[in-house]
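Chains, contacts and geometry: an overview
Next come the chains, spelled out residue by residue.
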Amino acid sequence: MDDKINQLLREKILLHYGADINEAKVFFSTQNYAFIFENKPFMIRVSKTAHKSRSEILSELMWLDDLKSFTNTVCEPHPSLQGNYLEEFDIEGTTYRASMFRTARGNVKTAVDMNPMFFICVGELLGKIHKVSTNEQEIGMHYKRRSLLEKIGLSYEQHRSKLSESELARVNSIIEKVDSLPKETGIYGICHGDFHKDNFFVENNNIWVFDFDSCCYSHYLFDVATFIQDCLLHGYKAGEDMRKVIYEDILPYFRIGYELNQNCSEGYWDELETFIALRAVHSFLALQGISECGIGVDLDQIKKFYSFIINHEDIIDGITIALGGTVNEHNG
């Protein structure tokens, strides 16, 4: 953000929220600016209109407002000084939309600190979120958010020319498999959409969740798969057979917490690996739109990593091999 835009944005934020962004740490994703204020109970997110429509953002805020009634560790929105949950303003011919959220407590959990209680607590929170979504499906509530497959399809069409024939075939196969699955109440509804460890903080046994900007309609297993894949890719039980890690070290404890809130029918977990594959496809396609990264990582290597695992016939074996582990014998 250049100095002139920064100053104009600073003036708008001061007017609407009484907060000085020059006193905040700023984080930028492909869609938003996030201003984090030290020792203050709120943060401010600013989006350009090209990324999210007004109705999409308002739907996200409405869902968060519903969720806060069921759990006190959701970082819900707060109104501006003018009493609005969404503020819009024009800067240099571009419309920006801003919202204020409660700041999460605690910190990101690293792989070395993950343990059974952590998985139980994460499962309990995610199960509660999915239970709320199920309840709302049952009474006919609907939010103006896209489906996950629609979002992935748009990304696919935008970047398909960058994919090899084998990548195209594998991506199509995974998407078609997910699209063929039933979208029934109890297994499908509005989800967080990006439930990885950097989007929730841990404070003792409390999980504070935030960044619902990617919320969408999907099978609930996508949120579960996102969390599990993220644990693996960030080094949990590195060097081991990842299938064993999932089914012996993560999922049994996660399910204890999850099933406290969300009823799971027989076969609920059968397609978990399909959604781990879909998460890999989602990440792989998103990476095609990034040409440079400011966090000191080798983007080409990351793209090759995802290409390798999505091209592997068995996605979990692919992750194991890519992370330097050894695949043990298992029943498919």
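The coordinates are above.
Below is a short write-up of the structure.

What counts, and at which threshold
Residues numbered from 1 in each chain as written. Predicted model: local features only at pLDDT ≥ 70, side-chain atom pairs only at ≥ 80, totals over all residues. Heavy atoms only, no water. Helix = DSSP H or I, 4+ residues; strand = E, 2+ residues; numbered from the N terminus. Rg over C-alpha atoms; globule rule 2.2 N^0.38 Å. Buried < 20%, exposed > 50% of the residue type's maximum accessible area, 1.4 Å probe, protein only. Contact = heavy atoms within 4.5 Å. Areas by Shrake-Rupley, 256 points an atom, 1.4 Å probe, with all protein chains shown as cover. Lys, Arg positive; Asp, Glu negative; His and termini not counted. Charge placed at Lys NZ, Arg CZ, Asp CG, Glu CD. Salt bridge = Lys/Arg side-chain N within 4 Å of Asp/Glu carboxyl O. Core = buried A, V, L, I, M, F, W, Y, C linked by side-chain atoms within 4.5 Å. Expected span 1.5 Å × (residues − 1). Arc of directions from axis to C-beta. Phe/Tyr/Trp six-rings, centres within 6.5 Å; stacked < 30°, edge-to-face > 60°.

Describing the overall build of the chain
Scanning the chain for helices and strands turns up ten helices and ten strands. Taking 20 Å as the expected radius of gyration for a compact globule of 332 residues, we find that the chain reaches 20 Å, a close match to that expectation. Taken along its principal axes, the extent of the C-alpha atoms in the chain is 60 × 45 × 40 Å. Residues counted as buried form 49% of the 332 residues belonging to the chain. Pairs at least 24 apart in sequence give 71% of the contacts found in the chain among residues at least 6 apart. In the form shown here, the chain has an accessible surface area of approximately 15700 Å², with 48% of it arising from carbon and sulfur atoms. If you average the places of the 33 positive and of the 49 negative side-chain charges in the chain, the two averages end up 4 Å apart.

Examining unusual backbone geometry
One non-glycine residue, Asp 211, lies in the positive phi region at around 55 degrees. Note that Asp 211 resides in the loop between strand S9 (206-209) and strand S10 (216-219). Even without being a glycine, Lys 237 presents a positive backbone phi close to 55 degrees. With respect to the helices, strands and loops of the structure, Lys 237 is situated in the loop between helix H6 (221-233) and helix H7 (242-258). Looking at Lys 237, the relative accessible area reads 32%, which means it is partly exposed.

Examining the pattern of salt bridges
One pass over the structure, following the stated rule, counts 20 salt bridges. The partner of Lys 40 in a salt bridge is Glu 23, with the nearest N and O atoms 4.0 Å apart. Residue Lys 40 is found in the loop between strand S2 (32-37) and strand S3 (42-48), and its partner Glu 23 is found in the loop between helix H1 (3-17) and strand S1 (24-28); the two are separated by 17 residues along the sequence. Taking relative accessible area as the criterion, Lys 40 reaches 33% and is therefore assigned partly exposed. Linking Arg 45 and Glu 60 is a salt bridge whose minimum nitrogen-to-oxygen distance equals 2.8 Å.

Digging into the nonpolar core
Core analysis: the largest hydrophobic core is formed by 81 residues, its most contacted members being Val 224, Phe 227, Ile 228, Ile 250, Phe 254, Leu 272 and Leu 278. A per-element tally of this core places helix H8 (residues 272-288) first, with ten residues. Among the nonpolar cores identified, the runner-up in size contains 18 residues, and Ile 5, Leu 9, Ile 21 and Ile 44 belong to it.

Focus: helix H4 (residues 148-159)
Under the 1.5 Å per step criterion, the end-to-end length of H4 is 17 Å for twelve residues, consistent within 8% with the ideal 16 Å. Looking at H4, one finds that the buried residues are Leu 148, Leu 149, Ile 152, Ser 155, Tyr 156 and His 159. Summarising the axial view, the buried residues of H4 lie within an arc of 125 degrees, below the 170-degree limit, and thus occupy one face. On the buried face of H4, the contacting elements are helix H5 (165-179), S10, H6 and H8.

Here we look at the packing of aromatic side chains
By convention here, two paired aromatic rings are described through the distance between centres and the angle between planes. Considering all chains together, one arrives at 21 aromatic pairs under this definition. Geometrically, the ring pair formed by Phe 254 and Trp 269 is edge-to-face, given 6.3 Å between the ring centres and 90 degrees between the ring planes. Of this pair, Phe 254 sits in helix H7 while Trp 269 sits in the loop between H7 and H8; the two residues are 15 residues apart in sequence, bridging distant segments of the chain. Looking at Trp 269, the relative accessible area reads 9%, which means it is buried. By the ring-pair criterion, three or more aromatic residues cluster together here, those being Phe 118, Phe 119, Phe 195, Phe 200, Phe 227, Tyr 236, Phe 254, Tyr 258, Tyr 268 and Trp 269.

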